[in-house]
Amino acid sequence: MSVEAAREALLADVEPLSAEPVALDGADGRWLAEPVQAGRDQPPFDASAMDGWAVRSADLGARPLRIVGESAAGAGFGGELGPGEVVRIFTGAPLPVGADRVVIQEEAKVEDGRLVIGAGPEAPTWVRGRGADFAAGQVLLAAGVRLDPWRIALTAAAGVGGVVCARRPRVAVLAGGDEIVAPGAVAGAHQIFDAAGPGVARVSGRAGASVTRLALVGDSQDQIEAALHTAEAEVIVLIGGASVGDHDRVKPAARALGAAFRVEGIAMRPGKPLWGAVLPDGRRLLGLPGNPVSALVCAELFLKPLLVAMQGGDGRPVLETARLAEPLAANGPREHWMRAVRAPGAEGEVRVRALPDQDSAMLTVLGGADGLIRRPVGALAAGAGEVVDFLPLARG
């Protein structure tokens, strides 16, 4: 199955989870289930954009003007500005009734208690009109948008203290194999530490999920079935044990529980053994390869979109185009996602370069990569300077 076909099969009939109210302070990274709408204009009045003097345009170039008061942020001038009058005004303060512009303080001076203005009618007005940012009733953020610090600030500016978001998907991550031990434990001579489990758990968490790490299981089908049967999650991610060896018991365990398979192997490198299924009770299973690099690349391309879809968003990978810094050989029958780094090119142009070792067990390579170069099935050799698809990997 192709990468695109596999992703769409995994996303088929996915519906957003139920909605819940979320306080704005806890909404970072959550997906909106309902739009955010402005309850009033912003700014709610004509406001000064600079420190200076509120005046009437008709008084520019006239005799010295009489200073009649002050308008500060949160404490506006209470009267109405008449002919020949000015009000001292500060950034963000409401423009007095009768004034239609602000003269910045650098273009005016006080002489004998009156204001002399040097600015002419061609000068900027320095006024932020009422509703210049947004108007009452305007939809500021649509359902399905993910909140971040900038969108939270916009929501707060509308006076909204809480939002309605899709519930976080519950994800259970299960890594297995007799050769796997937890990081920090004592490893036997023929054992390795679980690297994929912690990494996949964090991919899930960054995609908005609530994550539970299940206890490591060996190659016992009974243990795997028991873990699947009791896992309280909408998505269970199983790492390893999905190839065709005598000790690969994960898919037989899923079948024993009545799982309906949607994906069994994909034309992708790394990640050929990926599989997906749905249990009779609706819980989704996603099987990732045991090699940690393969598992993490597949988590980025398949698990993340699934979790985002369950929150009402679209998490399909967004590819950029970039020019190669170095040539690439022709690709084979599987779509290849190559670990790559950005490299400076001529005249400051940023290019991308595939890292030399693409072995799916090399975490040092993935750890140093900026992103993934996508090579289509059967792609011809590409020379330096040719355009390729590039998927940046989020860091930090």
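Scoring rules and cut-offs
Residues numbered from 1 in each chain as written. Predicted model: local features only at pLDDT ≥ 70, side-chain atom pairs only at ≥ 80, totals over all residues. Heavy atoms only, no water. Buried < 20%, exposed > 50% of the residue type's maximum accessible area, 1.4 Å probe, protein only. Helix = DSSP H or I, 4+ residues; strand = E, 2+ residues; numbered from the N terminus. Pairing = 2+ DSSP bridges. Contact = heavy atoms within 4.5 Å. Salt bridge = Lys/Arg side-chain N within 4 Å of Asp/Glu carboxyl O. Axes fitted to C-alpha atoms, helices over the stretch in contact; angles between N-to-C directions. Parallel < 35°, antiparallel > 145°, perpendicular 65-115°, else oblique. Left-handed = near helix turned anticlockwise from the far one by under 90°. Nonpolar A, V, L, I, M, F, W, Y, C, P; charged D, E, K, R; others polar.

Enquirer: Let's hear about the pairing of strand β17 (residues 235–239): which residues, and what values?
Expert: The buried count for β17 comes to five of five residues, which makes it a mostly enclosed element. Side chains Val-235, Val-237 and Ile-239 of β17 all project onto a buried face; the interleaved residues Ile-236 and Leu-238 project onto the opposite face, where all are buried too. Both strand β13 (residues 170–175) and β17 contribute to a ladder of five bridges, which runs parallel. Bridged to Ala-175 within β17 is Ile-239.

Enquirer: With reference to specific residues and values, describe unusual backbone geometry.
Expert: Geometrically, the link from Gln-42 to Pro-43 is a cis peptide bond, its omega value of -5° lying close to zero. Locating Pro-43 in the fold gives a position in the loop between β2 (36–37) and β3 (47–48). For the peptide bond that leads from Arg-269 to Pro-270, omega is -5°, which places it in the cis range. Along the chain, Pro-270 falls in the loop between β19 (268–269) and β20 (275–278). One non-glycine residue, Trp-126, lies in positive phi territory at about 55°. Within the fold, Trp-126 resides in the loop between β9 (114–117) and β10 (127–128). The class of Trp-126 is partly exposed, set by a relative accessible area of 29%.

Enquirer: For the side chain of Arg-7, give the residues involved together with the corresponding values.
Expert: Looking at the secondary structure, you find Arg-7 in helix α1 (residues 3–11). Ignoring anything within four residues of it in the chain, the contact list for Arg-7 reads Leu-301, Phe-302, Pro-305, Arg-316 and Pro-317.

Enquirer: Lay out the pattern of salt bridges in plain terms, naming residues and giving numbers.
Expert: Under the defined criterion, the tally for this structure stands at 21 salt bridges. A salt bridge links Arg-56 to Asp-59, with the nearest nitrogen and oxygen atoms 3.2 Å apart. In this structure Asp-59 comes out as buried when scored by relative accessible area, which is 8%. The closest approach of N and O atoms between Glu-335 and Arg-374, which form a salt bridge, is 3.3 Å. Of this pair, Glu-335 sits in strand β23 (residues 335–344) while Arg-374 sits in strand β25 (residues 371–375), placing them 39 residues apart in sequence. Shared partners join several salt bridges into a network, and the residues in it are Glu-8, Asp-314 and Arg-316.

Enquirer: Hey, could you go over the environment of Arg-66 for me, with residue numbers and the actual values?
Expert: Within the element layout of this structure, Arg-66 appears in strand β5 (residues 65–71). For Arg-66, a relative accessible area of 40% corresponds to the partly exposed category. In this structure the C-alpha to C-alpha distance between Arg-66 and Ile-117, which are 51 residues apart in sequence, comes to 11 Å. Sequence-distant contacts of Arg-66, that is, excluding residues within four places in its chain, are made with Gly-84, Glu-85, Val-86 and Arg-114.

Enquirer: Talk me through the sheet that holds strand β7 (residues 101–104); I want residue IDs and the actual numbers.
Expert: Working definition: the strands of a sheet are paired by backbone hydrogen bonds and lie parallel or antiparallel to each other. In space, the six strands of this open sheet follow the order β7-β4-β6-β5-β9-β8, with mixed pairing throughout. Both edges of this open sheet fall to β7 and β8 (108–111), since each of them pairs with a single strand only. Within this sheet the neighbouring strands show an average axis-to-axis angle of 45°, counted without direction. Sheet topology places strand β4 (residues 52–55) next to strand β6 (residues 85–89); three bridges connect them, and they run antiparallel.

Enquirer: Explain the packing of helix α3 (residues 196–206) against helix α6 (residues 292–309) to me, using residue names and the numbers behind them.
Expert: The relative placement of two packed helices comes down to the angle between their axes together with the axis-to-axis distance. With their axes 9 Å apart at the nearest point, α3 and α6 run at an angle of 20° to one another. Here α3 is positioned roughly parallel relative to α6, judged by the angle of their axes. Considering the relative orientation of α3 and α6, their crossing is right-handed. On α6, the residues touching Ala-196, Gly-199, Val-200, Val-203 and Ser-204 of α3 are Pro-292, Ala-295, Leu-296, Ala-299, Leu-303 and Leu-307. Among the residues making up the contact of α3 with α6, the classes are represented as nine nonpolar, two polar and no charged.

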